[in-house]
Amino acid sequence: MSKNLKVAILGMGNMGKGHAGSILRMKDTELSAVCSYPIADAQNFVQEKKLECAVFDDFDKMLAETEIDVLYICLPPFAHNGQFEKAAKKGIHIFIEKPIALTVERGKSMVEAAEESGICTQVGYQMRFGGAVRKFREYMEDGTAGKPSLYTANYECNSLHGMWWRDVKKCGGQVFEQVIHLYDMSLYMMGNPQAVNGYVANVSHRNVEGYTVEDTSVSNIRFESGALGSITGSNCAVKNQWNGRFRIICENMVADFEDQNHAKFIFTNEDELKVENIIEDVDCTYEEDCYFIETVRGNRKPLADIREGYQGLQLVNAVVASSQNDGSTIVI
């Protein structure tokens with residue numbers, strides 16, 4: 001596929017604007033339409049960037065009136081109500097932000113629509129594109145790291161966020177909305193999960209009006225390989241900091257990630273320890289967008305496609321379901 005790709009974006013919040021910025025930087029791509037409700041978010045972006053593209057506040061109208069090769073869906077979780085399936089039916093390739101849905105039933109519908117139409121898909125798991133993550137994957141694939149045995153991760157922030165984010169019925173909770181990035185890292189690094197148990201709790205925000213999501217979470221995972229994992233989350237930590245740290249212990253090395261771009265690798269299979277510090281400055285949003293566009297063009301294999309997004313949804317859903325059943329083990 002060598003023609004200019006016509007790209008439309010649904011949802012012009014921070015993520016929609018970020019992906020639009022990526023598209024504007026690329027060659028052979030054209031931002032043909034943007035859609036948001038309220039429409040002012042889309043209008044302001046188009047005016048600020050001095051663009052000539054269609055602006056809508058009605059997705060169905062945009063789909064009917066605009067030629068679209070690629071659609072970016074950047075909606076909050078509660079707003080997904082069939083847009084993915086409608087676009088897939090028209091053969092439009094789709095990038096969708098995480099989580100792909102609030103329920104596994106909704107997610108399964110997306111998977112089935114994508115597979116029936118044969119479109120390319122990608123989910124917004126941008127941590128996969130970090131420089132330190134990429135280097136660790138190289139060590140996994142060439143055997144340097146050895147078998148991974150233990151994955152531990154911690155997500156921390158302290159923010160009330162927007163009103164819809166505080167409502168568990170609209171965002172699914174912190175595990176669904178934020179910590180899911182670290183759950184995806186566990187899938188990407190450790191393989192398929194076999195069973196999980198977990199707890200979620202609202203410890204420090206019970207008196208905050210409208211705050212119904214958890215502010216504390218913990219889970220344990222057993223992977224099909226026999227490896228184990230533990231992931232925690234908190235919205236009670238340091239204000240104005242959003243930290244997603246993780247550690248992977250393998251046969252031959254220990255990898256400590258400050259984030260997806262910064263890590264310390266300690267090689268443990270020799271008498272004298274060897275340490276490698278990874279310091280990268282990868283724009284992960286731009287990298288994931290470039291990767292997806294190249295996938296659509298047939299130059300890349302799919303990475304983090306809708307089925308993998310569905311797998312991540314199943315995992316975080318199992319954590320919450322376990323908590324609702326007194327921490328009982330959920331077989332996935």
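As shown above, the structure is provided for reference.
The model shown is predicted, which means the values in this text are computed figures rather than measured ones.

Caption draft 1: Molecular detail of the overall build of the protein chain. Scanning the protein chain from terminus to terminus reveals 11 helices and 15 strands. Here the C-alpha radius of gyration of the protein chain, 20 Å, is about what a compact globule of 332 residues would show, namely 20 Å. The C-alpha extent of the protein chain, read off along each of the three principal axes, is 65 × 50 × 40 Å. Within the protein chain, the proportion of its 332 residues that are buried is 52%. Long-range pairs, those at least 24 residues apart, make up 69% of the contacts in the protein chain between residues at least 6 apart in sequence. Summed over its atoms, the accessible surface of the protein chain is roughly 15,400 Å², and 45% of this surface lies on carbon and sulfur atoms. Computed over 33 positive and 46 negative side-chain charges, the inter-centroid distance for the protein chain is 2 Å.

Caption draft 2: Up close: helix α6 (residues 131-141). Regarding α6, the residues found buried are Gly131, Ala132, Val133, Phe136 and Tyr139. Next to the buried residues of α6 lie α9 (174-190), β11 (243-250), β12 (253-257), β13 (262-267) and β14 (274-279). Once α6 ends, the next one or two residues include Gly143, with phi positive near 90°.

Caption draft 3: Inspection of helix α2 (residues 39-49) at higher detail. Along α2, the positions that sit buried rather than exposed are Ala42, Phe45 and Val46. Viewed along the axis of α2, the buried residues span an arc of 95°, placing them on a single side of the element. Along α2, the residues that are exposed and aim more than 90 degrees away from the buried face are Gln47 and Glu48.

Caption draft 4: A look at the sheet that holds strand β5 (residues 93-96). Taken in spatial order, the 6 strands of this open sheet run β3-β2-β1-β4-β5-β6, and their pairing is parallel. Looking along the sheet, the strands with just one partner apiece sit at the ends: β3 (54-56) and β6 (121-123). Pairs of neighbouring strands in the sheet enclose a mean axial angle of 20°, with direction left out of account. Where strand β4 (residues 70-73) lies against β5, 4 bridges are found, and the strand directions are parallel. Counterpart to Val70 in the pairing with β5 is His93. Set on the sheet, α2 makes contact with β2 (29-35) and β3; between it and β3 the angle comes to about 160°.

Caption draft 5: Spatial organisation of the packing of α6 against α9. Running from N to C, α6 and α9 point in directions that differ by 25°, and their axes come no closer than 11 Å. With respect to each other, α6 and α9 are oriented roughly parallel. Mapping the contact onto sequence places Val133, Phe136, Arg137 and Met140 in α6 and Met185, Tyr188 and Met189 in α9. Counted by class, the contact of α6 with α9 contains 6 nonpolar, no polar and 1 charged residues.

Caption draft 6: How the structure looks around the packing of α9 against helix α11 (residues 306-324). Two numbers describe how α9 lies on α11: the axes approach to 9 Å, and their chain directions differ by 115°. The two elements α9 and α11 meet at a crossing, and its hand is right-handed. Of the residues in α11, those touching α9 at Val175, Phe176, Ile180, Tyr183, Ser186 and Leu187 are Gln311, Gly312, Leu313, Leu315, Val316, Asn317, Val319 and Val320. The residue makeup of the contact of α9 with α11, split by class, is 10 nonpolar, 4 polar and no charged.

Caption draft 7: A look at the environment of Lys50. Along the chain, Lys50 turns up in the loop between α2 and β3. Distance in space between the C-alpha atoms of Lys50 and Lys90 is 29 Å, their sequence separation being 40 residues.

Caption draft 8: Highlighting the sheet that holds strand β10 (residues 228-234). As summarised here, the arrangement of the 9 strands in space is β14-β13-β12-β11-β7-β10-β9-β8-β15, forming an open sheet in which the pairing is mixed. In the strand order of this sheet, the two ends are held by β14 and β15 (330-331), each with one partner. Inspection of the sheet shows strand β7 (residues 148-156) paired to β11 by 8 bridges, in the antiparallel sense. Directly across from Asn154, in β11, lies its bridge partner Arg245.

What counts, and where the lines are drawn
- Residues numbered from 1 in each chain as written.
- Predicted model: local features only at pLDDT ≥ 70, side-chain atom pairs only at ≥ 80, totals over all residues.
- Heavy atoms only, no water.
- Helix = DSSP H or I, 4+ residues; strand = E, 2+ residues; numbered from the N terminus.
- Rg over C-alpha atoms; globule rule 2.2 N^0.38 Å.
- Buried < 20%, exposed > 50% of the residue type's maximum accessible area, 1.4 Å probe, protein only.
- Contact = heavy atoms within 4.5 Å.
- Areas by Shrake-Rupley, 256 points an atom, 1.4 Å probe, with all protein chains shown as cover.
- Lys, Arg positive; Asp, Glu negative; His and termini not counted.
- Charge placed at Lys NZ, Arg CZ, Asp CG, Glu CD.
- Arc of directions from axis to C-beta.
- Pairing = 2+ DSSP bridges.
- Axes fitted to C-alpha atoms, helices over the stretch in contact; angles between N-to-C directions.
- Parallel < 35°, antiparallel > 145°, perpendicular 65-115°, else oblique.
- Nonpolar A, V, L, I, M, F, W, Y, C, P; charged D, E, K, R; others polar.
- Left-handed = near helix turned anticlockwise from the far one by under 90°.

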